[in-house]
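Okay, here's what each chain looks like letter by letter:
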Amino acid sequence: MSDVFIYPQAVCIAGVDEVGRGPLVGAVVTAAVILDPANPIKGLADSKKLSEKRREALYIEIKEKALAWSLGRAEPHEIDELNILHATMLAMQRAVAGLGVTPDMVLIDGNRCPKLPMASQAVVKGDSKVAEISAASILAKVTRDREMVELDLQFPEYGFAKHKGYPTPVHLESLARLGATAHHRRSFAPVKRALGLA
C-alpha cells in the first residue's frame, strides 16, 4: 500500500471499487468487501498492478477470509439508459446492499460516492491506499475478466478474452467489420459508429 491513508473513525468499514467503465462491451462490475482484522490477507494491491495468476489466488483468499463480500453490476442496457457514471453508482449501491454485514463506513475508490444509507468517503487512488478497496478491485476485475472469457467463447472473432472489451485497435476493427453484438454498449461512440447511429 502506497501513501499512508488515515482511516476514518468507524467500527466496520467496507471498501468498494468498480471495473469496466471504459470497455465497449459487457457490464460494469463492482465489489464491496469488509475485511476481517483477525484474518489479514498479504499482498493486496491495485488489481491492475497484479499478475493474472496473483489476482486469481487473492480472489479465492479474499472470498475465504473476508467478513463479508458482495458483487454488484449494471448491464449494458442500464449503462445506455443512465450513462456510465450513473450506472457505476447504481452498481456500487447494489454491491453495498448485498453485503451480509452492514458497514458503518464505506470507502469508495475515486472522487465521488453513490447515495448510500451509511457514511461514505471517496478515496482517489484508493485501490493502492486502502486494503478494503484493493480487495474489492480484485474481486471485481477477476469477475469481469472471467465474463469476457465466456463472451469470447460465444463470439471468438472479436477477441474479448484478450482485450476484455476495451477499445483496442483489434476490437475497433472487428466492430467495424462485424458490427455490434447484443452485449455492446450502444451509447458508446465507436459502437454507435459501427451501428450507423453516430
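Everything in this summary refers to the structure shown in the same document. On a predicted model such as this, the values are computed, not experimentally measured, just so you know. (Residues numbered from 1 in each chain as written. Predicted model: local features only at pLDDT ≥ 70, side-chain atom pairs only at ≥ 80, totals over all residues. Heavy atoms only, no water.)

Regarding the packing of aromatic side chains
Following the criterion strictly, the structure yields three aromatic pairs and no others. Between the aromatic rings of Phe-5 and Tyr-7, the centroid separation amounts to 5.2 Å while the plane-to-plane angle is 75°, which identifies the pairing as edge-to-face. Classification of Phe-5 as buried rests on a relative accessible area of 16%. Taking relative accessible area as the criterion, Tyr-7 reaches 33% and is therefore assigned partly exposed. Every member of this aromatic cluster is reached through a ring pair, and the members are Phe-155, Tyr-158 and Phe-160. (Phe/Tyr/Trp six-rings, centres within 6.5 Å; stacked < 30°, edge-to-face > 60°. Buried < 20%, exposed > 50% of the residue type's maximum accessible area, 1.4 Å probe, protein only.)

Here we look at the pattern of salt bridges
Within this structure, the stated rule accounts for nine salt bridges. A salt bridge links Asp-145 to Arg-55; the shortest N-O distance between them is 3.8 Å. Here Arg-55 lies in helix α1 (residues 52–65) and Asp-145 lies in helix α4 (residues 131–154), a separation of 90 residues in the sequence. Across this residue pair, the class does not change: Asp-145 and Arg-55 are buried. Residue Glu-173 pairs with Arg-177 through a salt bridge whose shortest N-O separation is 2.8 Å. Separated by four residues within a single helix, Glu-173 and Arg-177 lie in helix α6 (residues 169–178), roughly one turn from each other. Accessibility expressed as a relative area gives 43% for Glu-173, which makes it partly exposed. (Salt bridge = Lys/Arg side-chain N within 4 Å of Asp/Glu carboxyl O. Helix = DSSP H or I, 4+ residues; strand = E, 2+ residues; numbered from the N terminus.)

Quick notes on the sheet that holds strand β4 (residues 105–109)
Strand pairing within a sheet occurs via backbone hydrogen bonds; the two strands may be parallel or antiparallel. Here we have five strands laid out as an open sheet, ordered β3-β2-β1-β4-β5, and mixed in their pairing. Two strands close off the open sheet at either side, each with one partner strand: β3 (68–74) and β5 (119–123). Neighbour to neighbour, the strand axes of the sheet diverge by 20° on average, direction disregarded. Relative to β3, strand β2 (residues 28–34) runs antiparallel, the two sharing seven bridges. Directly across from Ile-34, in β3, lies its bridge partner Ala-68. (Pairing = 2+ DSSP bridges. Axes fitted to C-alpha atoms, helices over the stretch in contact; angles between N-to-C directions.)

Regarding the environment of Glu-150
Along the polypeptide, Glu-150 turns up in helix α4. As for Glu-150 and Ser-134, which are separated by 16 residues in sequence, their C-alpha atoms are 24 Å apart.

Quick word on α4
With 24 residues, α4 extends 35 Å between its outermost C-alpha atoms, agreeing within 8% with the 34 Å of an ideal straight helix rising 1.5 Å per residue. With 17 of 24 residues buried, α4 is to be regarded as a mostly interior element. (Expected span 1.5 Å × (residues − 1).)

Functional significance is not addressed by these values, which are geometric in nature.
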